[in-house]
Structure formats: C-alpha cells, structure tokens
Amino acid sequence: EMHQLGLIMGLVGLPDEESWPGCSELPHWKMLESFKDTMPGWRELFPEPPDSTLSELGLLLMRGLLECCPARRLAAADAVE
C-alpha cells in the first residue's frame, strides 16, 4: 500500500490543509509524511507537446479527475461537458 501511495503522491504531490482541508485528520495520515517533499510530477510523466500527445486541456482534465480532495475532484458528469 505504501508503494502505491508513493506512486500517487509522486504524480499529484502530497496534499496539505490548504489543498485538502481536513486531510491531516484522516486515519494513518502520519504515515504519509514521508512523502512531504514530493512535488507534483505531471509533466515529468506527460511531457508537453510535441513530446507528448497530452495537451494542456487534457492535462487539466486528468488533474481534475485525479484531485485528491473529494470536494474539489471533478465529477465524471462534469468532465463530459
């Protein structure tokens, strides 16, 4: 599980109270502190065009769907629009 969380945090970065209010109150949150220096790596995995086929709009959509904070996450119905 920690390996999977490491992969996720390597992509989206470690949330904080500003980006996800209440996250530090989640069970086992202290275990994630080892990822605190992890910066979002979106463009490392998905380079900018022409080196990648993922446009800025596509990246914005993906980031919205993969948002850690449930209240800020883009709903699938909204993504279709």
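That block above? That's the structure.
These numbers come from a predicted model, not from an experiment.

Cut-offs applied
- Residues numbered from 1 in each chain as written.
- Predicted model: local features only at pLDDT ≥ 70, side-chain atom pairs only at ≥ 80, totals over all residues.
- Heavy atoms only, no water.
- Helix = DSSP H or I, 4+ residues; strand = E, 2+ residues; numbered from the N terminus.
- Contact = heavy atoms within 4.5 Å.
- Areas by Shrake-Rupley, 256 points an atom, 1.4 Å probe, with all protein chains shown as cover.
- Lys, Arg positive; Asp, Glu negative; His and termini not counted.
- Charge placed at Lys NZ, Arg CZ, Asp CG, Glu CD.
- Core = buried A, V, L, I, M, F, W, Y, C linked by side-chain atoms within 4.5 Å.
- Buried < 20%, exposed > 50% of the residue type's maximum accessible area, 1.4 Å probe, protein only.
- Salt bridge = Lys/Arg side-chain N within 4 Å of Asp/Glu carboxyl O.

Mind showing me how you'd approach the overall build of the chain here?
From N to C terminus, the chain includes four helices and zero strands. The order of α-helices and β-strands along the chain, N terminus first, is α-α-α-α. Overall size of the chain, expressed as C-alpha extent along the three principal axes, is 40 × 30 × 20 Å. The contacts in the chain between residues at least 6 apart in sequence include a share of 52% that link residues at least 24 apart. For the chain, the computed accessible surface area is about 6,100 Å², with 59% contributed by carbon and sulfur atoms. Here the chain holds 6 positive side-chain charges and 14 negative ones, and the gap between their average locations is 3 Å.

Just to check I follow, could you spell out the nonpolar core for this structure?
Generally speaking, a soluble globular protein has its nonpolar side chains buried in company with each other. Grouped together as the largest cluster of nonpolar side chains are 14 residues, with contacts concentrated most on V12, W20 and W42. Elements with a contribution of two residues or more to this core: α1 (2-12) and α3 (56-65). Sort the elements by how many residues they give to this core and α1 lands first, with three residues. For W20, the contacting residues outside a window of four places in its chain are P15, L26, C68, C69, P70 and R72.

What's the story with the environment of G13 in this structure? I'm lost.
Positionally, G13 belongs in the loop between α1 and α2 (42-45). Residue G13 is classed as buried on the basis of its relative accessible area, which comes to 3%. For the pair G13 and W29, spaced 16 residues apart in the sequence, the C-alpha separation amounts to 14 Å.

Where do I start with α3 in this structure?
One turn of an α-helix holds 3.6 residues; hence residues three or four places apart share an orientation. Within α3, the full set of buried residues consists of L59, M62 and G64. Considering only its buried residues, α3 is in contact with α2.

Hey, could you run me through the pattern of salt bridges in this one?
Where side chains of opposite charge bring their charged atoms close, a pairing between them can arise. Enumeration according to the criterion identifies two salt bridges in this entry. In this structure, E33 and K30 form a salt bridge, with 3.6 Å as the shortest nitrogen-oxygen distance. E33 gets classed as partly exposed once you look at its relative accessible area, which sits at 39%. Notably, a salt bridge pairs E56 with R43, separated by 2.8 Å at the nearest N-O pair. Of this pair, E56 sits in helix α3 while R43 sits in helix α2, and the two are 13 residues apart along the sequence. What makes E56 partly exposed here is its relative accessible area of 49%.

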